[in-house]
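What the coordinates show
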Amino acid sequence: MTEARTVWGTGLSTIAGDGTVLDAWFPEVSTVAPGAGDAAAALLSVEALAGPDERRNVIVEPVQLQIDLDAAPTSTVDAYLRLHALSHLVVRPNDLNLDGIFAHLPNVAWTNAGPLHPDDAARLRPLLQRAGIQVQGLDKFPRLTDYVQPAGVRIADASRVRLGAHLSPGTTVMHEGFVNFNAGTLGASMVEGRISQGVVVGDGSDIGGGSSIMGTLSGGGSHRVSIGARTLLGANAGIGISLGDDCVVEAGLYVTAGTKIVLVDSPVLPEGGRKTVKGADLSGHDGLLFRRNSLSGAVEAVRRAGVGVTLNEALHA
């Protein structure tokens with residue numbers, strides 16, 4: 001029998017006046033179950049922060065639980081512990097069960113004083129304004145930085161990185177970069193484009209400004225895109241296939257699984273000259289340059305020599 005993969009967490013949960021569990025915050029997440037004494041001490045450490053907040057019509061309560069990463073989420077607190085496990089780098093994207101997570105995440109009015117029920121946000125608006133409390137968003141997911149401060153990471157615009165993003169030390173997310181939950185980086189990377197749910201980016205890679213990586217939340221796609229190490233996704237480019245190590249997609253080029261690509265001196269080129277394949281046939285291959293021929297307009301894949309891009313070390317120290 002396979003041993004269950006579990007994580008533990010002790011934290012605080014916010015509950016609205018109507019009983020809706022709005023969120024849960026876990027300052028630490030561990031794969032090791034605490035002893036009885038340590039568990040009691042952890043609860044005691046957060047109890048001092050618990051209590052009602054009449055301004056938002058909420059009560060904050062201590063929570064402590066263990067979850068099975070391979071089982072589907074069963075509650076809002078369970079779902080939040082999974083998101084924290086990702087952002088605390090305890091588990092990698094796509095390495096835990098998130099089936100049905102949206103059903104356990106209520107839509108929340110996120111404010112500079114914490115979450116509150118959207119109905120209460122409308123009803124209490126005059127009181128909230130007098131208290132200096134502003135609604136900053138209405139969504140199922142909060143900002144990463146309101147719950148987790150990832151070590152060694154730069155995030156220029158906190159509103160563009162959701163809780164559940166997995167950001168490894170050395171990663172820089174610029175103002176136009178976006179990282180969804182269950183997605184992120186496995187090493188030092190530059191993010192100026194969009195990393196969609198389920199996408200992982202390897203060490204030393206650069207997601208160029210305005211670029212986009214297809215996820216699996218909508219559109220019926222099932223392929224989880226990954227990007228290898230030292231790979232560049234050019235400005236305003238996009239992919240619906242995986243890229244291996246040391247690849248480049250030129251600026252403005254979008255390569256999907258169905259894109260017709262002409263192989264030019266490529267590692268997968270069979271004897272006999274040029275060949276046209278679909279993008280899916282090249283998914284995950286290393287050392288390729290994807291470009292558009294400026295004369296014919298055809299999308300081409302060309303073999304690249306040596307390693308891929310080199311990040312500016314000063315920006316990722």
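Owing to the predicted nature of the structure, the values given are computational and were not obtained by experimental measurement.

1. Regarding the overall build of the protein
When helices and strands are tallied, the protein shows five helices and 26 strands. Seen through its principal axes, the protein has C-alpha atoms that stretch 75 × 50 × 40 Å. Split into buried and exposed, the 317 residues of the protein put 47% on the buried side. In the protein, the share of contacts with a sequence separation of at least 24, taken over all contacts with a separation of at least 6, comes to 48%. Accessible surface computed for the protein: about 14600 Å², of which carbon and sulfur atoms make up 51%. The positive charge centre, built from 24 side chains, and the negative charge centre, built from 32, are 8 Å apart in the protein.

2. A word on the sheet that holds strand S7 (residues 135–139)
Taken in spatial order, the three strands make up an open sheet running S6-S5-S7, and their pairing is antiparallel. Each having just a single partner strand, strand S6 (114–116) and S7 make up the two edges of the open sheet. Pairwise comparison of adjacent strand axes, ignoring direction, gives a mean angle of 30° for this sheet. Note that strand S5 (residues 108–111) and S6 share three bridges and pair antiparallel. Among the inter-strand pairings, Thr111 is bridged to a residue of S6, identified as Gly114.

3. A look at the UniProt feature "active site" (unreviewed entry) in the protein
The UniProt record annotates "active site" (unreviewed entry) at Glu192. Filtering out sequence-adjacent residues up to four positions away, Glu192 remains in contact with Met174, Glu176, Gly177, Asp206, Ile207, Gly208, Gly209 and Gly210.

4. Concerning the pairing of strand S2 (residues 21–30)
Each regular strand carries side chains that alternate between the two faces of the sheet. Of the pairings in the sheet, the one linking strand S1 (residues 6–16) to S2 comprises seven bridges and is antiparallel in character. Each bridged residue has a counterpart across the sheet, and for Thr10 the counterpart in S2 is Glu28. Counting the residues that bridge the hairpin from S1 to S2 gives four residues, and of these Gly19 lies at a positive phi of roughly 95°.

5. Topic: the environment of Gly238
Considering the arrangement of structural elements, one finds Gly238 in strand S20 (residues 238–239). The class of Gly238 is buried, set by a relative accessible area of 0%. Setting aside chain neighbours within four positions, we find Gly238 in contact with Ser212, Leu233, Leu253, Tyr254 and Val255.

6. Describing the pattern of salt bridges
One pass over the structure, following the stated rule, counts ten salt bridges. Ionic pairing is found between Arg56 and Asp53, a salt bridge with its closest N-O pair at 3.0 Å. Residue classification places Arg56 among the buried residues on the basis of a relative accessible area of 6%. According to the relative accessible area criterion, Asp53 is buried, its value standing at 13%. Through salt bridges with shared partners, one network takes in Arg5, Asp70 and Asp95.

7. A closer look at the domain arrangement of the protein
Segmentation of the protein into domains returns domain 1 (6–106) and domain 2 (144–315). For domain 1 versus domain 2, the separation of C-alpha centres amounts to 32 Å. With 17 residues of domain 1 at the contact, the number on the domain 2 side is 19 residues. Summing both sides of the interface, domain 1 and domain 2 together bury roughly 1500 Å²; the carbon and sulfur share of this comes to 66%. The largest share of the area that domain 1 buries against domain 2 comes from Ser87, Pro93 and Asn94, three residues that together contribute 37% of it. At the junction of domain 1 and domain 2, the tally comes to zero salt bridges. Of all the elements in the fold, those that place two or more residues in the side of domain 1 that touches domain 2 are S2 and helix H2 (76–87). In terms of residue count, the dominant contributor to the side of domain 1 that touches domain 2 is H2 (five residues). Per-class residue counts for the side of domain 1 that touches domain 2 are eleven nonpolar, four polar and two charged.

8. Notes on the UniProt feature "binding site: succinyl-CoA" (unreviewed entry) in the protein
Per the UniProt annotation, the sites labelled "binding site: succinyl-CoA" (unreviewed entry) are Arg194, Gly209, Ser212, Ala235, Glu250, Ala251, Gly258, Lys278, Arg291, Arg292, Asn293 and Ser294. Taking the farthest pair of C-alpha atoms as the criterion, the annotated set spanning 101 residues is dispersed, since that pair is 26.4 Å apart. In this structure Arg291 comes out as partly exposed when scored by relative accessible area, which is 30%. In this view, Arg291 contacts Glu250, Leu253, Ala298, Val299, Glu300 and Val302; residues no more than four positions away in its chain are not counted. Residue placement: Arg292 occurs in strand S25 (residues 288–292). Residue classification places Arg292 among the partly exposed positions, given a relative accessible area of 41%. Leaving out residues up to four positions away in the same chain, Arg292 has contacts with Glu250, Leu253, Gly297, Ala298 and Val299.

9. Quick notes on the side chain of Arg162
With respect to the element layout, Arg162 can be found in the loop between strand S8 (154–155) and strand S9 (165–166). Not counting residues up to four positions away in its chain, the partners in contact with Arg162 are Asp139, Phe141, Pro142, Arg143, Leu144, Phe178, Val179, Asn180 and Phe181.

10. Observations concerning unusual backbone geometry
Positive phi, normally seen in glycine, also occurs at Asn94, with a value near 70°. Tracing the backbone through its elements, the reader meets Asn94 in the loop between H2 and S5. Judged by its relative accessible area of 27%, Asn94 is partly exposed. A positive phi is found at Asn182, a non-glycine position, where the angle reads about 55°. Among the secondary structure elements, Asn182 is positioned in the loop between strand S11 (178–179) and strand S12 (183–185).

Conventions used here
- By convention here, each chain's residues receive numbers from 1 onward along its written sequence.
- Per-residue local features are limited, in this predicted model, to residues with pLDDT of at least 70; the limit for side-chain atom pairs, both in listing and counting, is 80 or more; totals at the level of whole chains, interfaces and linings are taken over all residues.
- The side-chain values count all of the structure's non-hydrogen atoms but skip hydrogen atoms and water molecules.
- Helix and strand labels come from DSSP, where a helix needs a run of H or I of at least four residues and a strand needs a run of E of at least two; each type is numbered from the N terminus.
- We call a residue buried when its accessible area falls under 20% of the maximum for its residue type, exposed when it is over 50%, and partly exposed in between, using a 1.4 Å probe and counting protein chains only.
- Only heavy atoms matter for contacts: two residues are in contact if any of them lie within 4.5 Å across the pair.
- For accessible areas, the Shrake-Rupley method is used with a probe of radius 1.4 Å. Any residue's cover is judged against the shown protein chains and nothing else.
- Here the positive residues are Lys and Arg and the negative ones are Asp and Glu; neither His nor the chain ends is included.
- We put the charge of a Lys on NZ, of an Arg on CZ, of an Asp on CG and of a Glu on CD.
- At least two bridges found by DSSP between two strands is the condition for calling them paired.
- Between the N-to-C directions of two axes lies an angle of 0 to 180 degrees, each axis being a line fitted to C-alpha atoms and, for a helix, fitted only over the stretch in contact.
- UniProt positions are given in the numbering used here, feature names are shortened, and annotations may be inferred rather than shown by experiment.
- We define a salt bridge as a contact between a side-chain nitrogen of Lys or Arg and a carboxyl oxygen of Asp or Glu at a distance within 4 Å.
- Per the annotation, domain bounds derive from an automatic or database assignment of domains.
- A 1.4 Å probe defines the accessible area here, and the buried area is the portion of it lost by two parts on being joined, summed over both.
- Residues are grouped as follows: nonpolar covers Ala, Val, Leu, Ile, Met, Phe, Trp, Tyr, Cys and Pro; charged covers Asp, Glu, Lys and Arg; every other residue, Gly included, is treated as polar.

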